[in-house]
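# Survey of secondary and tertiary structure
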Amino acid sequence: MNKVRVGIIGAGRIGKIHADNLIRHPQAEVVAISDLFANPSLESWAHQRGILNVTRDSGEILSRNDIDAVYICSSTDSHVELIKIAAGQGKHIFCEKPLSMDIEQTQEAIAAVNRAGVQLQVGFNRRFDHNFKRVREHVQTGAIGDTHVIKITSRDPGPPPASYIEVSGGIFMDMMIHDFDMARFLTGSEVEEVYAQGSVLIDPVFAAYGDVDTSVVTLRFANGALGVIDCSRKAVYGYDQRVEVFGSKGSASAANDFPSTAALCTEEGVISDKPLHFFLERYQAAYVEETQRFIHCLLNGEPVPVNGLDGWQAERIARAAKLSLQEGRPVKLPPIGSG
Ligand SMILES: NC(=O)c1ccc[n+]([C@@H]2O[C@H](COP(=O)([O-])OP(=O)(O)OC[C@H]3O[C@@H](n4cnc5c(N)ncnc54)[C@H](O)[C@@H]3O)[C@@H](O)[C@H]2O)c1
C-alpha cells in the first residue's frame, strides 16, 4: 500500500478539519464522506475538494472495497457501532474522542478492533501539540528528575450551546477527557485515584443538565506523583491551555500560543494579544500531525501512537471523576483488568 484511501463519517466541525488535512496529505485520498444531514451545500463543499462521493448513509462508506481506513467524526453516541462495523469490514479506524461515554461499550469496540486485527487511533490531538510534546520530552529524558506534581490548566473561551451541553456527556467525558489523557501522556504513569470538585459559576443551564461548568480534579498516580487539573467552560481572555510538570531536578512547562508576541506599551500599561482563540486555532498544527502519524503508521505497519486503550483509560478517569463529584469523595480506579 503506498496510499491510504479514506472515508469520512460525520462532516461537522472536526470532520471537515480532518478532511482538509487528509486532502493535503500526498499519501492519502479522501474517497467518500457521509453525514446524516448531507445536503447540496455539503456536496458542493466536498466537490470543491475533489471528494466525489457524498452520502447520508455511513453504511455505503463502510462497505466500499476501495476504502482502507475510516475517520469517525460523527457525534459520540454513534462511535461504538461505527467502530464495530468498520472493524468487521477490515478497515483501519481513526475515531474522535471520546470513543464512547460508557467504558463497557468502549471495551466492546476495542475487542472488535483486536479481533479484526485493524488499527484504531483515538483523536487525542493535544498529544501532537508542539509545546506539550516538548514538555513530555523533558520528562522522558529525565531532565526534571522524578515527577512529583503535574498541573494542567484547561479553560475554554466560552461555553457551548445548551443543545450541546444536553448531549455532551458532561464536563469530564466531553472536555476534561483531553486533560486526563494529557496527564497520562506527560507523566507516563497511570492514574490510581481521582477527587473531583465542581461548581456552576458561569451559566445555570449546566445545572439543568446535571453538569458543572467549573471543576478542579486532583489525581494520584501509580508512581506516587500528584496532579491537579483546573477546568472552566469560560475564560474571558480566551482559550487557556497550559501545563507544568514539576520534578526532583526541576520543572518543565508550556504556556499558551498567541497570534503574535507584539506588545503595546504605553503609560497606561502593556497590552498583548489574547491566546489563539479556540481549539481549531490552537491545535491546527496538531490536527495535521495526528493525521500524518496515522497515515504513516498504516503505510509502514507501525502501531498508532494513541490507541483504543488510551481512549479507554481516559474514559475510566472521567467516569471516576463523575462518581467522585456525585458522592463528594475521592474515588480509586479499579485495577486494570477488572473494569
Ligand atoms: N479532538 C478534538 O479536538 C475535537 C473537537 C471537537 C469535537 N470532537 C469530537 O468529534 C466528534 C464530532 O464533534 P463535532 O464538534 O464535529 O460535532 P458536529 O455536530 O459539528 O458534527 C458531527 C456531525 O456528525 C453527523 N453525524 C452524526 N451521526 C452520524 C452518523 N451516524 N453518520 C454520519 N454522520 C453522522 C452530524 O450530522 C454532524 O454533522 C465528537 O465525538 C466530539 O467529541 C473532537
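What comes next concerns the included structure. Fair warning: this is a prediction, and the values are worked out from it, not measured in the lab.

### Describing the overall build of the protein chain
Each helix and strand in the protein chain was counted, giving 13 helices and 15 strands. Relative to its length of 339 residues, the protein chain is compact, with a C-alpha radius of gyration of 20 Å against a globular reference of 20 Å. In terms of its C-alpha atoms, the protein chain occupies a principal-axis envelope of roughly 55 × 55 × 45 Å. Here the protein chain, with 339 residues, has 50% of them falling under the buried criterion. Of all intrachain contacts in the protein chain linking residues separated by at least 6 positions in sequence, the fraction that spans at least 24 positions is 70%. Positive and negative side-chain charges of the protein chain, numbering 33 and 42 respectively, have mean locations separated by a distance of 3 Å.

### Topic: the site of the ligand
Neighbouring the ligand are 23 residues; R13, D35, T76, K97 and Y287 lie closest to it. One of the side-chain nitrogen or oxygen atoms of H79 is found 3.3 Å away from an oxygen atom of the ligand. Taking E96, its side chain carries an N or O atom lying 2.9 Å from a nitrogen atom of the ligand. The fraction of the free accessible surface of the ligand (840 Å²) that becomes covered by protein chains is 83%. Taken together, the residues that form the shell around the ligand break down as eight nonpolar, eleven polar and four charged.

### A short note on empty space enclosed by the protein
According to the stated counting rule, one finds one cavity of 30 Å³ or more in the structure shown. Approximately 40 Å³ is the volume attributed to the largest cavity. What lines the largest cavity is simply R126, F132, I152, T153, D179, M182, Q241, R242, V243 and Y283. Elements with a minimum of two residues in the lining of the largest cavity: β7 (147–155), α9 (176–187) and β11 (240–247). Considering only residue class, the lining of the largest cavity consists of five nonpolar, two polar and three charged.

### Points about the packing of aromatic side chains
Here the structure, examined in full by the defined rule, presents six aromatic pairs. Seen from their ring centres, Y71 and F294 are 5.6 Å apart, and the 85° between their planes marks the pair as edge-to-face. Taken together, the residues span a long stretch of sequence, with Y71 in strand β4 (residues 69–72) and F294 in helix α12 (residues 284–300) at a distance of 223 residues. Since its relative accessible area comes to 0%, Y71 is described here as buried. Residue classification places F294 among the buried positions, given a relative accessible area of 0%. Between Y239 and Y283 the ring centres are 6.0 Å apart and the planes differ by 85°, which places this aromatic pair in the edge-to-face class. With a gap of 44 residues between them, Y239 in the loop between β10 (226–232) and β11 and Y283 in the loop between α11 (279–282) and α12 connect regions that are remote in the sequence. For the residue pair Y239 and Y283, the accessibility class agrees, reading buried in each case.

### So, the packing of helix α6 (residues 130–140) against α9
Two elements in contact, α6 and α9, have axes whose closest approach is 8 Å; the angle formed by their N-to-C orientations is 40°. Contacts from F132, V135, R136 and V139 in α6 reach M182, F185 and L186 in α9. Per-class residue counts for the contact of α6 with α9 are six nonpolar, no polar and one charged.

### Re unusual backbone geometry
Of note, the bond from K97 into P98 is cis; its omega dihedral lies within 30 degrees of zero at -20°. In this fold, P98 is placed in the loop between β5 (92–95) and α5 (103–116).

### A short note on the packing of α5 against helix α13 (residues 308–327)
Working note: a packed helix pair is described by the angle between its axes plus the distance between those axes. Close contact between α5 and α13 brings their axes to 10 Å; oriented N to C, the two are set at 175°. Overall, the two elements α5 and α13 adopt an arrangement that is roughly antiparallel. Counting all contacts with α5, which are made through I103, E104, T106, Q107 and I110, the residues of α13 involved are G308, L309, W312, E315, R316 and R319. In terms of residue class, the contact of α5 with α13 is built from four nonpolar, three polar and four charged.

What counts, and where the lines are drawn
Residues numbered from 1 in each chain as written. Predicted model: local features only at pLDDT ≥ 70, side-chain atom pairs only at ≥ 80, totals over all residues. Heavy atoms only, no water. Helix = DSSP H or I, 4+ residues; strand = E, 2+ residues; numbered from the N terminus. Rg over C-alpha atoms; globule rule 2.2 N^0.38 Å. Buried < 20%, exposed > 50% of the residue type's maximum accessible area, 1.4 Å probe, protein only. Contact = heavy atoms within 4.5 Å. Lys, Arg positive; Asp, Glu negative; His and termini not counted. Charge placed at Lys NZ, Arg CZ, Asp CG, Glu CD. Near = heavy atom within 4 Å. Polar contact = N/O pair within 3.5 Å; in protein donor to acceptor, adjacent residues only side chain to side chain. Areas by Shrake-Rupley, 256 points an atom, 1.4 Å probe, with all protein chains shown as cover. Nonpolar A, V, L, I, M, F, W, Y, C, P; charged D, E, K, R; others polar. 1 Å grid on protein atoms, 1.4 Å probe; cavity = no way out; pocket = protein on both sides within 12 Å on 5 of 7 lines; lining within 4 Å. Points joined across faces, edges and corners; volume = space filled by probe spheres on them. Phe/Tyr/Trp six-rings, centres within 6.5 Å; stacked < 30°, edge-to-face > 60°. Axes fitted to C-alpha atoms, helices over the stretch in contact; angles between N-to-C directions. Parallel < 35°, antiparallel > 145°, perpendicular 65-115°, else oblique.

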